[in-house]
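Residues per chain are reported as follows:
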Amino acid sequence: MKKLSSSELRQLFLDFFKEKGHKIEKSASLVPVEDPTLLWINSGVATMKKYFDGTVKPDNPRIASSQKSIRTNDIENVGVTARHHTLFEMLGNFSIGDYFKEEAIEWAWEFLTGNEWLALDPEKLYITVYPQDDETYAIWKDKIGVDEAHLIKEEGNFWDIGEGPCGPDSEIFYDRGESFNNLPEGHVENYPGGENERWLEIWNLVFSEFNHKSDDTYEPLPNKNIDTGMGLERIVSVIQDAPTNFETDLFLPIINKVAEISGYQYGDDSKNKVSFKVIADHIRTLVFAISDGALPSNEGRGYVLRRLLRRSVMHGRKLDIEKPFLTQLVPVVAEIMKEHYPEVSEKTEFVEKVILNEEERFLETLSAGLDKVKETVSQLKAEGQTVISGKDVFQLYDTYGFPIELTEEVILEENMKINYEEFEMEMEKQRERARSARQAEGSMAIHSSLLNSLTMTSDFVGYETDETTSKLVKIIKNDAFAETVEPGELVRLIFEESPFYAEKGGQVGDSGLILNEDQTVMAEVTNVKSGPEGQPIHEAEVRQTLTANEIYHLVIDKKRRSLIERNHTATHLLHQALKDIIGNHANQAGSLVEDEYLRFDFTHFGQVTEDELKEVEEIVNQKIRENMIIKTVETDIETAKDMGAMALFGEKYGENVRVVMIDDYSKELCGGTHVNSTSEIGLFKIISESGIGAGTRRIIAQTSEGAYRWMEEQLTILKQVSKLMKIQSLTDLPVKIEGLQKELKDISQINESLHSKLANAQAEDIFTQVKTVGDLTVIAEEIKAKDMNQLRQLADKWKQNNYSDILVLGLRNEGKVNIIASLNQKAIDKKLKAGNLIKTISPYVKGGGGGRDDFAQAGGKKPDGLPEALKAVPEWIELNREP
């Protein structure tokens, strides 16, 4: 067995399959592109769906990759078991209707046992096979020569997710030896293929050969496919003879850094060992996901990241790490992965900034969570209860991010208990919601026979011309081919060549007309989509009878295309201007280029200021005025990158690409259509800027005629306002508005004064309502006041005039309650505290609060509880005052 680093092993796998004629695909972004069924890329095959379902035909039907993946369905097991991870890499080789079982099995065996590859001992390898899959069994036994004692028939070896492609699979296990045997002899799981530590699954070969139909029957697929997966972390643990995945070079440098920060040693204590593992696992996920554009938030994948980060912080606390520390681990992850993922090193600074901000916020949340726990405890005590409900604990955990371990600490200190059964019920409900939200991994539609038959070429000539004459080679009506179609029918058309741009890369498809030789309109094209081979597929409404294999004249809507091109070129200028002003991290995260407007999404951690937007807009308009020439160059992907061309987030590029260059200002890989010079854009105007998710901003803008019309509309509105204000010049409008604001402010102050006088008038009566508790005097009354501010003013007046030793005032307003409590020195000397008083009575109004010894306040949402709260004040004084 060879001794290899993780980087060497990964590269060896890719080199092996490259020798076998496979195209090596770069690891795709963890954030799925145009796939709403997935929260994360969760397997190697997830990135191949477009090939397997026939939507896109690959340049090469043989593909191999090392794909970073995220799965968080069993996060509680991370650090507890030897091999559970939230982020992992899946080594895989795929065949899209090319080779099948024999080659897949032969190559897997060659890579594992070949002397120039991994050189594993064949005697340590065991194979599981589906019992009815005689063909696979025979290949392993007769072709490869595996001893029958190492071949196990296993009923579970059939990959089937319901409707869609499915088939038997064959798993390869490595025998780690007796020392890893964690089960007693004779145990039902103590065999290769069972749930145990001795026989480690290292590779799964899936033979996708059937279609599972809706009537629960199976039929052979027209094209049989191969999908294999080998976890990098698992095979590295074998090659490096590591007890678990965590003792490999993929994790140990991170664990060693955590040891340095904490002062604890990995392995000193079994509980501490789990914390080391959790932190090492989660930081890898955070670094890679944030590098790919995902950011912590309260929903979707952002919630996953926030949860992982908070779990890491909590496990850091178990190692006595009280301050932010996760940013110190980011460069360690980047160093481990730099050979295959250099982009992580390039984004280290941005990743550190995001993590530090989130970690600091969580430490603040911990403090707020403690207050919430104590408030809940006070409320329960006021109600005479000693058990905190599982729902309350779950809310603290789920809504406030407050770990149950800390809740337990506080509850135990208060001699109370937690309803764990109810808490587990709430947790299970959350798991069920997560399960329902998740789509089946690797799900994909059946190969469409219609899509598979669209193998004809159809050249796009729209870069050079707006119209062309071409043969109509295919008519599709109601998902079937047709020879002729009649007026009024909605169809899809494919021609030998077309000037119509197909919707992709954010640019909408062209519209236009299909004419005959007499210039009669035969059909109106409303949109154009891209076919499996990249063919423009024209969605059209028929005007006159169309016949396949006839010659027609295709003309795009030139005016609409021109407007689209202006908006598209403007997005390139906008992209670069954003980088110039707010930073190089402002990467495109999506776009839509229409004829009427453009929409541009970009990554930015924070709000874009008005001044920054103004600068961006000015730069774009300056470049427009400079009349920069736009040039396009067709070249290979590596040359394009050497030229400095930007590759956009999540996009997949072929071997040959187009580089759109706007003079020396902007260079991007782009297949869209553009103006010839920036002056054709005319004018650029940002209409709005907003946040659409954590770390993602959106700009909507207009150019040329659209921008002019928008400015005219704004000017019309200003003129109407000026007319209402009865001013002659627009330049006088700001002064007029400032004058009105001052008048409103004066009126508001008069109103405030009247409310204050009314409250003072009430106070004269309330301050006479003095009661005695022992040797202390108390006023506890409801008052009609405007807000909490007026209650504080009354408390100041009470203090100046020394009306009593204790004052408690409450008000009800619009379904809410405000309460203040104030104590003089005499009351404080009796060991009474305003903060404790407020915490005792606020549960009556379903609220909470706190404060100093001499003053405290609370808010609540149960107005009907105010009389009971005020009634409880004398009782509290009697119970808590010292004689």
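Given the structure is predicted, the values throughout are model-derived calculations rather than measurements. (Residues numbered from 1 in each chain as written. Predicted model: local features only at pLDDT ≥ 70, side-chain atom pairs only at ≥ 80, totals over all residues. Heavy atoms only, no water.)

(A) A look at the overall build of the protein chain. Secondary structure assignment for the protein chain yields 24 helices and 35 strands. Principal-axis analysis of the C-alpha atoms gives the protein chain an extent of 100 × 90 × 50 Å. By residue count, 50% of the 883 residues in the protein chain fall in the buried class. If you take every contact in the protein chain between residues at least 6 apart in sequence, the share linking residues at least 24 apart comes to 68%. For the protein chain, the accessible surface area stands at approximately 41300 Å², while carbon and sulfur atoms represent 46% of it. Within the protein chain, one finds 103 positive and 151 negative side-chain charges whose respective centroids are separated by 7 Å. (Helix = DSSP H or I, 4+ residues; strand = E, 2+ residues; numbered from the N terminus. Buried < 20%, exposed > 50% of the residue type's maximum accessible area, 1.4 Å probe, protein only. Contact = heavy atoms within 4.5 Å. Areas by Shrake-Rupley, 256 points an atom, 1.4 Å probe, with all protein chains shown as cover. Lys, Arg positive; Asp, Glu negative; His and termini not counted. Charge placed at Lys NZ, Arg CZ, Asp CG, Glu CD.)

(B) Spotlight on the pattern of salt bridges. Evaluated as defined, the whole model comprises 48 salt bridges. In this structure, Glu705 engages Lys559 in a salt bridge whose closest nitrogen and oxygen atoms are separated by 2.3 Å. Here Glu705, found in helix α19 (residues 704–725), pairs with Lys559, found in helix α16 (residues 558–582); they are 146 residues apart in sequence, far enough to count as distant. The exposure class of Glu705 is partly exposed, given its relative accessible area of 32%. The class for Lys559 is partly exposed, based on a relative accessible area of 43%. (Salt bridge = Lys/Arg side-chain N within 4 Å of Asp/Glu carboxyl O.)

(C) Examining helix α1 (residues 6–19) more closely. End to end, α1 covers 20 Å across 14 residues, agreeing with the expected 20 Å (1.5 Å per residue, within 8%). Ser6, Ser7, Leu9, Arg10, Leu12, Phe13, Leu14, Phe16 and Phe17 are the residues of α1 that are buried. (Expected span 1.5 Å × (residues − 1).)

(D) Main features of the packing of aromatic side chains. Enumeration over the complete set of coordinates arrives at 23 aromatic pairs. Taking 6.3 Å as the distance between ring centres and 40° as the angle between the ring planes, the aromatic pair formed by Phe111 and Trp117 counts as tilted. Owing to a relative accessible area of 5%, Trp117 belongs among the buried residues under this scheme. Ring pairing ties together the aromatic residues Phe13, Phe16, Phe17, Phe111, Trp117 and Trp203, which thus form one cluster. A cation over a ring is seen here: Lys153 above Tyr137, with NZ or CZ 4.9 Å from the ring centre. (Phe/Tyr/Trp six-rings, centres within 6.5 Å; stacked < 30°, edge-to-face > 60°. Lys NZ or Arg CZ within 6 Å of the ring centre and 35° of its normal.)

(E) Highlighting unusual backbone geometry. We note that Ala119 has phi near 55°; this positive angle belongs to a residue other than glycine. Mapping Ala119 onto the fold places it in the loop between α3 (101–113) and β4 (125–129).

(F) Expanded view of a negative patch on the surface. Taken together, the side chains of Asp121, Glu123, Asp147 and Glu148 define an acidic patch exposed on the protein surface. Along the polypeptide, Glu123 turns up in the loop between α3 and β4. (Patch = residues over 30% accessible without salt bridge, like charges linked within 9 Å, V, L, I, M, F, W, Y side chains within 5 Å.)

(G) Geometry of the environment of Glu219. Inspection of the secondary structure puts Glu219 in strand β9 (residues 218–231). For the pair formed by Glu219 and Glu209, sequence separation is 10 residues and the distance between their alpha carbons is 8.5 Å. Discounting chain neighbours no more than four positions away, the residues touching Glu219 are Glu209, Phe210, Asn211 and Lys213.

(H) Structural detail: the nonpolar core. Residues Trp140, Ile202, Trp203 and Ile235 are the most contacted members of the largest nonpolar core, which totals 109 residues. Trp140 has contacts with Ile105, Trp109, Ile127, Val129, Gly145, Val146, Leu151, Ser170, Ile172 and Leu205, leaving out every residue within four places of it along the chain. In this structure, Leu573, Ala577, Cys670 and Ala701 belong to the second largest nonpolar core, which totals 28 residues. (Core = buried A, V, L, I, M, F, W, Y, C linked by side-chain atoms within 4.5 Å.)

(I) View of the packing of α1 against helix α5 (residues 232–239). Following both chains from N to C, one finds α1 and α5 inclined at 115°, their axes separated by 10 Å at the closest point. The interaxial crossing formed by α1 with α5 has right-handed handedness. Note on element contacts: α5 touches α1 through Leu232, Ile235, Val236 and Ile239, opposite Ser6, Leu9 and Arg10. Residue composition of the contact of α1 with α5, grouped by class: 5 nonpolar, 1 polar and 1 charged. (Axes fitted to C-alpha atoms, helices over the stretch in contact; angles between N-to-C directions. Left-handed = near helix turned anticlockwise from the far one by under 90°. Nonpolar A, V, L, I, M, F, W, Y, C, P; charged D, E, K, R; others polar.)

(J) Expanded view of the sheet that holds strand β35 (residues 855–860). Pairing within the open sheet is mixed, and its 6 strands lie in the order β30-β31-β32-β33-β35-β34. Strands at the two margins of the open sheet, each flanked by one partner only, are β30 (771–773) and β34 (847–851). Strand-to-strand twist across the sheet, computed as the mean angle between neighbouring axes with direction ignored, equals 20°. Sheet topology note: the β34/β35 ladder contains 5 bridges and is antiparallel. Paired with Gly849 across the two strands is Ala858, which belongs to β35. Relative to strand β31 (residues 776–782), helix α24 (residues 866–880) is tilted by about 170°, and along the sheet it contacts β30, β31, β32 (806–813) and β33 (816–823). (Pairing = 2+ DSSP bridges.)

(K) Just the sheet that holds strand β28 (residues 684–693), in detail. Pairing in this open sheet of 4 strands is antiparallel, and the strands run β23-β24-β29-β28 from one edge to the other. Pairing within the sheet leaves two strands with one partner each, and these edge strands are β23 (588–593) and β28. Across the sheet, the mean angle separating the axes of adjacent strands is 15° when strand polarity is ignored. The sheet strands contacting helix α17 (residues 610–625) are β28 and β29 (696–703), and the helix crosses β28 at an angle near 140°. Each of β28 and β29 touches α19; the most contacted strand, β29, lies at about 90° to it.

(L) Focus on the side chain of His212. Locating His212 in the fold gives a position in strand β8 (residues 199–212). Taking the relative accessible area as the measure of exposure, His212 reaches 9% and is therefore buried. A polar contact is formed between the side chain of His212 and the side chain of Asp160, at a distance of 3.0 Å. There is a polar contact of 2.6 Å between the side chain of His212 and the side chain of Asp216. Not counting residues up to four positions away in its chain, the partners in contact with His212 are Asp160, Gly162, Glu163, Gly164, Cys166, Thr217 and Tyr218. (Polar contact = N/O pair within 3.5 Å; in protein donor to acceptor, adjacent residues only side chain to side chain.)

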